[in-house]
Amino acid sequence: MSFTQLGNEFLSNFESFDDHEDVRRFEFEDGIVAFIAVHNTNLGPALGGCRMTTYDSEADAIHDVLRLSRGMTYKNAMAGLPLGGGKAVIVGNHRTQKTEELMQAMGAAVESFGGSYVTAEDSGTGEEDMVAMATETSYVTGLPPEMLTGSKYGELGGNPSPLTALGCYHGIKSAIEHRYNGEKELKDIHVSIQGVGAVGLALGKLLKQDGAKLTIADISEEGIEAAKAELGEVDVVGVDEIFGVDADIFAPCAMGGALNDNTIAQLKVDIIAGAANNQLWQSHHDQVLTEKGILYVPDYVINSGGVICVGYEYFRKSDYNPQYFNIERGSMVAHVESVGKIVADILAESEARGLPTGETSDALAEERFLKGAALGNDTDDDANEEDLANSAQSGGMTMVQ
Ligand code: NAD
């Protein structure tokens, strides 16, 4: 494995370049290329997943890793985690080109950052790939719980999808409270879910338990059948019809870019709140939704349960715990549940500032990671350990005006 560090002069050709701290191109023995980008480590080591997918060109892969790593800085900041943002992409077909040796070499690539980048699962990679990487680096999360048991901190690790769904569920409850001023509860709500995969199905189950009516769509017939078996009574519509369902909430839980001019024009909902990453096709669609009177819950905030889960796993296996979190499963779950409060605070702040919700969230995240407003890196001697832990684990929203 060899690597080159990509310089700012070269990177500034990319519109997604945002003064990233460290971007490297790796080439493995079989000719496969990967990129790892560390966007910002003001709040701590850059945590973000490793995806494996094909790209039309290396330039497309660089654009993607720059964009995704930057997104992780915002996500981790708003989740109240003492972590920065980074991401890795392996250029290739994960079904046909992924080998154990490749993932081990990728582990060595992660290790070359000496801890400023910490990796995790993403699309095209899974638990067994994290295990392969772990032979070469300790800066890897998403490992099976059995590799982590035996510690005084209790069980962490494992599949983060149920935790992502749990955070979404609490975020949705906060959005309902905000939008309907306490006049509606989940039992009065109709949610349309696009994509009933790992997160969408788990979210559907939580919503259904509280009596919500569900309409679902998925490109996979198998996925629909599995969802019907798990969820019981649900309406099923085609993948193109899901946008026009007359519901209260639309929950995008499939791929990115679901909200564009065409799909937004079809929406008949009051709220958008779902797990998918990068839901807005372009950033101005935040404003388009606001003008249409639709309350958009910023995707990277409501779907942060998964990164909170792997973040705790990392805190547990490293000595890194600047916010003095109680690193055991119950506290991690409580932190995930606090996504509800974080969402509530952002929606209230957006109203107070008179700005779209996505723009408000971005501004709050920047206030944290650019101005050192993070709880964990606060060097104020008056801030005692307990206050830091309590504040961060209950949502960590100290609004910086
Ligand atoms: P998944 O692959 O398990 O599920 C995605 C589902 O969407 C699949 O069932 C797929 O068939 C379906 N789908 C794809 N295109 C579709 C379309 N056009 N219309 C309808 N259905 C479609 O993935 P997941 O882990 O559930 O993740 C879902 C989304 O949430 C992704 O955007 C992911 O990046 C994001 N996310 C996931 C996690 C996590 O912990 N898994 C964390 C944060 C964000």
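Residues numbered from 1 in each chain as written. Predicted model: local features only at pLDDT ≥ 70, side-chain atom pairs only at ≥ 80, totals over all residues. Heavy atoms only, no water.

Colleague: How would you summarise unusual backbone geometry if you had to cite specific residues and measurements?
Modeller: A positive phi is found at Asn-278, a non-glycine position, where the angle reads about 50°. Residue position: Asn-278 is located in the loop between strand S12 (271–272) and helix H9 (285–291). Taking relative accessible area as the criterion, Asn-278 reaches 35% and is therefore assigned partly exposed. The phi torsion at Tyr-324 lies on the positive side, around 55°, for a residue other than glycine. (Helix = DSSP H or I, 4+ residues; strand = E, 2+ residues; numbered from the N terminus. Buried < 20%, exposed > 50% of the residue type's maximum accessible area, 1.4 Å probe, protein only.)

Colleague: Give me the lowdown on the confidence of the model for the protein, citing residues and values where you can.
Modeller: Per-residue confidence for the protein averages 91 on the pLDDT scale, and 91% of its residues sit at or above 70. Between residues 373–392, whose pLDDT stays under 50, and residues either more than four places distant or in other chains, the model counts 30 contacts. Scored below 50 in pLDDT, residues 394–401 shows 25 contacts in the model against residues more than four places distant or in partner chains. (pLDDT = per-residue confidence, 0-100. Contact = heavy atoms within 4.5 Å.)

Colleague: Outline helix H12 (residues 329–337), listing residues and values.
Modeller: Within H12, burial applies to Ser-331, Met-332, His-335 and Val-336. Projected down its long axis, H12 shows its buried positions confined to an angular sector of 145°, all on one face. For H12, the side-chain oxygen to backbone nitrogen distance between the N-cap and Gly-330 is 2.9 Å, and the N-cap itself is Glu-328. (Arc of directions from axis to C-beta. Polar contact = N/O pair within 3.5 Å; in protein donor to acceptor, adjacent residues only side chain to side chain.)

Colleague: Lay out the domain arrangement of the protein with the relevant residues and their values.
Modeller: Many authors give the size of an interface as the accessible area that is lost as the parts come together. By the assigned domains, the protein splits into domain 1 (2–74 + 84–140) and domain 2 (152–378). The straight-line distance from the C-alpha centre of domain 1 to that of domain 2 is 25 Å. Opposite the 19 residues of domain 1 that make contact, domain 2 presents 19 residues. Of the roughly 1,500 Å² buried at the junction of domain 1 and domain 2 (both faces included), carbon and sulfur atoms supply 61%. It is Leu-43, Leu-47 and Tyr-74 in domain 1 that bury the most area against domain 2; as a group they hold 41% of the surface buried on that side. Put simply, domain 1 and domain 2 have five residue pairs in polar contact (both at pLDDT 80 or more) between them. Among the secondary structure elements, those contributing two or more residues to the side of domain 1 that touches domain 2 are strand S3 (33–40) and helix H2 (58–78). Among the elements that line the side of domain 1 that touches domain 2, the one with the most residues is H2, at six residues. Taken together, the residues of the side of domain 1 that touches domain 2 break down into ten nonpolar, six polar and three charged. (Domains from an automatic or database assignment. Buried area = accessible area lost by both parts, 1.4 Å probe. Nonpolar A, V, L, I, M, F, W, Y, C, P; charged D, E, K, R; others polar.)

Colleague: How would you explain helix H14 (residues 357–370) if you had to name every residue and give the values?
Modeller: For H14, spanning 14 residues, the distance from its first C-alpha to its last is 19 Å, which sits close to the expected 20 Å at 1.5 Å a residue. Among the residues of H14, those classed as buried are Thr-357, Gly-358, Thr-360, Ser-361, Leu-364, Ala-365, Glu-367, Arg-368 and Phe-369. Residues of H14 that are buried sit in contact with S3, H2, H9, strand S13 (295–296), helix H10 (299–302) and helix H13 (339–353). (Expected span 1.5 Å × (residues − 1).)

Colleague: Now, about the pattern of salt bridges: what can you tell me, with residues and values included?
Modeller: Under the criterion given, the structure shown has 18 salt bridges. We note a salt bridge from Arg-67 to Asp-64, for which the minimum N-O separation is 2.6 Å. Placement of both Arg-67 and Asp-64 in helix H2 is noted, with a separation of three residues, approximately one turn of the helix. Arg-67 gets classed as partly exposed once you look at its relative accessible area, which sits at 32%. Given a relative accessible area of 8%, Asp-64 falls into the buried group. Note that Lys-341 and Asp-345 form a salt bridge whose closest N and O atoms lie 2.9 Å from each other. In this pair, Lys-341 and Asp-345 both sit in helix H13, four residues apart, roughly one turn of the helix. The buried category is assigned to Asp-345, whose relative accessible area is 19%. One salt-bridge network, held together by shared partners, links Arg-25, Glu-27 and Glu-58. (Salt bridge = Lys/Arg side-chain N within 4 Å of Asp/Glu carboxyl O.)

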